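# Structural features, examined
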Amino acid sequence: MMKGLKKWRLFSLLTVMTVFLSACGEDYLSTLRPAGPVGQEQLNILILSIVIMALVVVVVSTIYLVAFFKFRRAKVGENHMPKQVEGSHTLEVIWTVIPIILLLILAVPTLNSTYKFADVAAMDEVDEEGNKTALTVNVTAKLYWWEFEYPDLGIITAQDLVVPTGEKVYFNLIAADVKHSFWIPAVGGKMDTNVDGINKFYLQFDKESAGLNEGEGVFYGKCAELCGPSHALMDFKVKTLEPAAFDAWVAAMKATEGNTASADSTDVGEAAFANSCLGCHAVSAVAGNGMGPNLTTFGERNRLAGFMEHNVENTTEWILDPEKYKPGNTMTGKYNVTPEEAKAISEYLMTLTVEK
């Protein structure tokens, strides 16, 4: 008897905790606080499905309790036999039709939204001058980082996705090595990135990210597909700007054309970077795709490697031993620098910015 009471107490405690913890989501990461119409519509479908399931549980539980209390032996006697309903066509129709109706109620809005979110026809629309009218971002998932290319703007960045508010942003998703999954919880549902084909969809960002996450001013993005030992660390950040601010950011990114690091520089960090890192990492947003993440805006990032605190000390440790922090990454073993050179490179990287 005591064991049964303990189980019920534990169940009650878990139920109460679930209710309270469900309110602990943050704007920059929670699917329950959508920052755009795609996320809001998906949340509405989720709520609809929960309501339907709760209704089913309530009805079934009510029928069970009515039968339990109405036909107790203490009330109707040992020899009472309730009226049998076996073979009742009426009941068979009822418990067949009701589930179909509930499924239709859930299926219609779900299918409608699914096809709507997959409609990317506007991605190819152009104006009278032949310019694309919609913003398109090519997302390439790699072990274990993200590359974001704006093909119609001629710029590229990594780890930090920057988008305007108030308009649809279309995505071409692909993976460079193994299957990954692109997911910004606060803005919309996830979609896989495959190595053998491009997946397309759109998101809309209606809330500015400024001020979110203790002043970091970003939404969080995640990889939602188990892709290797550092899958849990494959994060990226999303900065949303008003259209005018976004246009200014694009102009600043384009202005980095021709930027590079010189091995003859008097700056020890720049020279060391040119000798050991420039073959994989570009410092110009218009340099094209590279072997490693584009570092044009490294000094503005909110996190190092997607998850570490962004400072010179951590950057130095990362350069010296990336395998320690992201096992399985493709950077390990590609260069050889001393601790002094690693610190100098870190200090140089902190100067790479287009906004400051």
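As shown above, the structure is provided for reference.
These lines cover the structure that appears in this document, whether it is placed above or below. (Residues numbered from 1 in each chain as written. Predicted model: local features only at pLDDT ≥ 70, side-chain atom pairs only at ≥ 80, totals over all residues. Heavy atoms only, no water.)

## Side note on the pairing of strand 3 (residues 155-158)
What counts, and what does not: Here the term buried applies to any residue with accessible area under 20% of the maximum for its type, exposed to any over 50%, and partly exposed to those in between, with areas from a 1.4 Å probe on protein chains only. Here a strand is any run of E in DSSP of at least two residues, a helix any run of H or I of at least four, and the numbering for each starts at the N terminus. Here, strands pair whenever DSSP counts at least two bridges between them.
By the alternation rule, side chains of strand 3 split into Ile155 and Thr157 and Ile156 and Ala158, which are all buried. In the sheet, strand 2 (residues 145-150) pairs with strand 3 via 4 bridges, with the strands oriented antiparallel. What sits directly across from phenylalanine 148, in strand 3, is threonine 157. What sits between the antiparallel neighbours strand 2 and strand 3 is a turn of 4 residues, in which glycine 154 has the positive phi angle 75°.

## Thoughts on the sheet that holds strand 4 (residues 160-164)
Two orientations exist for strands paired in a sheet by backbone hydrogen bonds: parallel and antiparallel. We count it as follows: Under this scheme, a helix contributes an axis fitted over its contacting stretch, all axes are lines through C-alpha atoms, and angles between N-to-C directions fall in the 0 to 180 degree range. By the convention used here, residues are in contact when the closest approach between their heavy atoms is within 4.5 Å.
Pairing in this open sheet of 5 strands is mixed, and the strands run 4-10-9-6-7 from one edge to the other. The sheet is open, and its two edges are formed by strand 4 and strand 7 (188-193), each paired on a single side. Pairwise comparison of adjacent strand axes, ignoring direction, gives a mean angle of 25° for this sheet. Sheet analysis places strand 6 (residues 180-184) next to strand 9 (residues 219-223), joined by 2 bridges and oriented antiparallel. Each residue of the ladder has a partner; that of tryptophan 183, found in strand 9, is lysine 222. Packed on one face of the sheet, helix 6 (residues 243-254) meets strand 4 and strand 10 (235-241) and runs near 130° to strand 4.

## Points about the sheet that holds strand 5 (residues 168-175)
Read from one edge of the open sheet, 5 strands run 3-2-1-5-8, paired in mixed fashion. Strands with a single pairing partner mark the edges of an open sheet, and in this sheet they are strand 3 and strand 8 (199-204). Recorded for the sheet is a direction-independent mean angle of 25° between the axes of neighbouring strands. Relative to strand 5, strand 1 (residues 135-142) is paired through 7 bridges, and the arrangement is parallel. Across the sheet, the residue bridging to alanine 141 is alanine 175, located in strand 5.

## Topic: the packing of helix 2 (residues 37-70) against helix 4 (residues 89-117)
Rules: In what follows, roughly perpendicular refers to angles from 65 to 115 degrees, roughly parallel to angles under 35, roughly antiparallel to angles over 145, and oblique to any angle outside these ranges. Two helices cross in a left-handed way if the nearer one is turned anticlockwise from the farther one by less than a right angle. They cross in a right-handed way if the turn is clockwise. Gly is put with the polar residues, along with every residue not named as nonpolar or charged; the nonpolar set is Ala, Val, Leu, Ile, Met, Phe, Trp, Tyr, Cys and Pro, and the charged set is Asp, Glu, Lys and Arg.
Between helix 2 and helix 4, whose axes approach to 10 Å, the crossing angle comes to 165°. With respect to helix 4, the axis of helix 2 lies roughly antiparallel. Classified by chirality, the crossing of helix 4 by helix 2 is left-handed. Judged by residue contacts, Val38, Glu41, Gln42, Ile45, Leu48, Ser49, Ile52 and Val56 of helix 2 engage Leu102, Ile105, Leu106, Pro109, Thr110, Ser113, Lys116 and Phe117 from helix 4. The residue inventory of the contact of helix 2 with helix 4, partitioned by class, reads 10 nonpolar, 4 polar and 2 charged.

## Here's the deal with the pattern of salt bridges
Put simply, the rule is: Definition used for salt bridges: Asp or Glu carboxyl oxygen within 4 Å of a side-chain nitrogen of Lys or Arg.
Applying the stated rule across the entire model yields 6 salt bridges. The salt bridge partner of lysine 179 is aspartate 192, with a shortest N-O separation of 3.9 Å. Remark: aspartate 192 occurs in strand 7 and lysine 179 occurs in the loop between strand 5 and strand 6; sequence separation between them is 13 residues. Residue classification places aspartate 192 among the partly exposed positions, given a relative accessible area of 26%.

## Thoughts on the nonpolar core
Using the following cut-off: We call a set of buried residues a nonpolar core when its members are Ala, Val, Leu, Ile, Met, Phe, Trp, Tyr or Cys and they connect through side-chain atoms within 4.5 Å of each other.
Ranked by size, the top nonpolar core spans 48 residues in total, and within it Tyr150, Leu161, Phe171, Phe182, Ile184 and Trp249 carry the most contacts. Those residues in contact with leucine 161 that lie beyond four places of it in its chain are Val137, Phe148, Tyr150, Phe171, Phe182, Ile184, Lys237, Val238 and Lys239.

## Description of the packing of helix 7 (residues 268-276) against helix 10 (residues 339-349)
Put simply, helix 7 and helix 10 touch, their axes get as near as 7 Å, and they point 105° apart. Classified by the angle between their axes, helix 7 and helix 10 sit roughly perpendicular to one another. Taking contact as the criterion, the partners of Val268, Gly269, Glu270, Ala272 and Phe273 in helix 7 are, on helix 10, Glu341, Ala344, Ile345, Tyr348 and Leu349. The residue makeup of the contact of helix 7 with helix 10, split by class, is 7 nonpolar, 1 polar and 2 charged.

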